[in-house]
Amino acid sequence: MPEPTQEDEIAFNRSFEGAPGELIRLSPLVRRMVAGNAGPMTFTGTCTYVVGSGQVAVIDPGPDDKRHIAALLDALRGETVATILVTHTHRDHSPGARALKEATGAQIAGCAPYHPAREGLAAEMGRIDAANDSNYAPDAVMREGDAIEAADFTLVCVETPGHTMNHQAFALPQENALFSGDHVMAWSTSVVTPPDGAMRDYMASLDKLRTRDDRIYWPGHGGPVNEPQRFVRGLAQHRRAREKSILSHIGAGDATIAAIVATVYEGLDPALRGAAALSVYAHIEDLVERGLVCAEGPAALGASYRLA
Ligand SMILES: [Zn+2]
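Conventions we followed
- Residues numbered from 1 in each chain as written.
- Predicted model: local features only at pLDDT ≥ 70, side-chain atom pairs only at ≥ 80, totals over all residues.
- Heavy atoms only, no water.
- Donors = N, O, S within 2.8 Å, 3.2 Å for Na, K, Ca; no water.
- Tetrahedral: all angles 85-135°; square planar, octahedral: opposite > 155°, others 65-115°.
- Helix = DSSP H or I, 4+ residues; strand = E, 2+ residues; numbered from the N terminus.
- Buried < 20%, exposed > 50% of the residue type's maximum accessible area, 1.4 Å probe, protein only.
- 1 Å grid on protein atoms, 1.4 Å probe; cavity = no way out; pocket = protein on both sides within 12 Å on 5 of 7 lines; lining within 4 Å.
- Points joined across faces, edges and corners; volume = space filled by probe spheres on them.
- Nonpolar A, V, L, I, M, F, W, Y, C, P; charged D, E, K, R; others polar.
- Contact = heavy atoms within 4.5 Å.
- Pairing = 2+ DSSP bridges.
- Axes fitted to C-alpha atoms, helices over the stretch in contact; angles between N-to-C directions.

Caption draft 1: Main features of the coordination of the zinc ion. Protein coordination at the zinc ion comes from His 88 (NE2), His 90 (ND1), His 163 (NE2) and Asp 182 (OD), with a distance range of 2.2 to 2.3 Å. Here the zinc ion binds 4 donor atoms, and the angle range of 83 to 171° at the metal identifies the geometry as irregular. Read in sequence order, the donor residues for the zinc ion give the motif H-x1-H-x72-H-x18-D. You can see His 90 sitting in the loop between strand E5 (80-86) and helix H2 (96-104) and its partner His 163 sitting in the loop between strand E9 (154-159) and strand E10 (168-172), a full 73 residues away along the chain. Neither His 90 nor His 163 differs from the other in exposure class; each is buried.

Caption draft 2: Here's a closer look at the layout of surface pockets. Reported here for the largest pocket is a volume of approximately 270 Å³. What lines the largest pocket is a set of 14 residues, and nearest its centre among them are Ile 10, Ala 11, Glu 227, Arg 230 and Phe 231. Each residue belonging to the lining of the largest pocket can be placed in one class, and the counts come to 6 nonpolar, 4 polar and 4 charged.

Caption draft 3: Spatial organisation of the environment of Val 280. Relative to the helices and strands, Val 280 resides in helix H8 (residues 273-289). Along the chain, Val 280 and Val 261 lie 19 residues apart, while their C-alpha atoms are 7.2 Å from each other. Those residues in contact with Val 280 that lie beyond four places of it in its chain are Ile 246, Ile 257, Ile 260, Val 261 and Tyr 265.

Caption draft 4: Representation of the sheet that holds strand E12 (residues 216-219). An order of E8-E9-E10-E11-E12 is seen for the 5 strands of this open sheet, with the pairing classed as mixed. Of all the strands in the sheet, the pair left with one neighbour each is strand E8 (147-149) and E12. Going from strand to strand, the sheet's axes swing by 25° on average, the running direction of each strand aside. By the bridge criterion, 3 bridges tie E8 to E9 in an arrangement that is antiparallel. Bridged to Glu 149 within E9 is Thr 154.

Caption draft 5: Highlighting unusual backbone geometry. Following Pro 194, the chain continues into Pro 195 via a peptide bond in cis, with omega recorded as 10°. Its location among the elements puts Pro 195 in the loop between strand E11 (177-181) and helix H5 (199-210). Notably, Phe 43 is not glycine yet its phi reads approximately 60°, a positive angle. Since its relative accessible area comes to 17%, Phe 43 is described here as buried.

Spelled out as structure tokens, the structure:
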């Protein structure tokens, strides 16, 4: 899911190959089928990846979409789905795991079940909670460094909270590749919204990826990130610039999130204003935790803020 942004300082790449129903080969070990859920938040649709051949792992089976799962099973006829991996529990990524497990008997591994991270905020932001698949039930939760081993590949869990609390990426060391889920995507920045998303975690997860030497990322939406180190640095710079701008607006007397959105996101499509408010809130939550900003009363979407 994208974060509303008007800046062009990041080298986004929106090219994409393949249509729903087509399993296309991307590398010796990686194939991809896009789900039929294209839209403003999902770009060309959720990317479902197949890793290995013969005995395969499927990453992010996508939304609850019978046609997508049927097309995937059809394309994998003669092969065995041994493991289903899930990067996070947004409804465009994890629900398909159930149908795929039913059809194949494969084990579901990967991220932890959805659990609202900040209960107090969850009520205020029920709309965002609705983005989560609370029925996701993994057979095994992976943790940092846990690996799925197959004859021709290994998939290693790299915990990357931020977009959601439970977000994980999966490294494929044989190809120096990383399945980056919605944490890092080539087509757009990712949305980081409380109560499940957290800016502090997101920034730490960007820093974590910068210490790795992956050659390519295969994201949850859109085409590959080809120069991941440079791209991730650009994403971090973008967020720091946004944070600076929010701090200067608060310093200038814009006390509410609504006032900050109106100036920081001047000219934004009104339909995206709600998402922009949550994105600003994610920054403010982080700034409050770091002691740079104070809230009048409890920090919340409707609160007033000032510099500490
Ligand atoms: Zn997502």
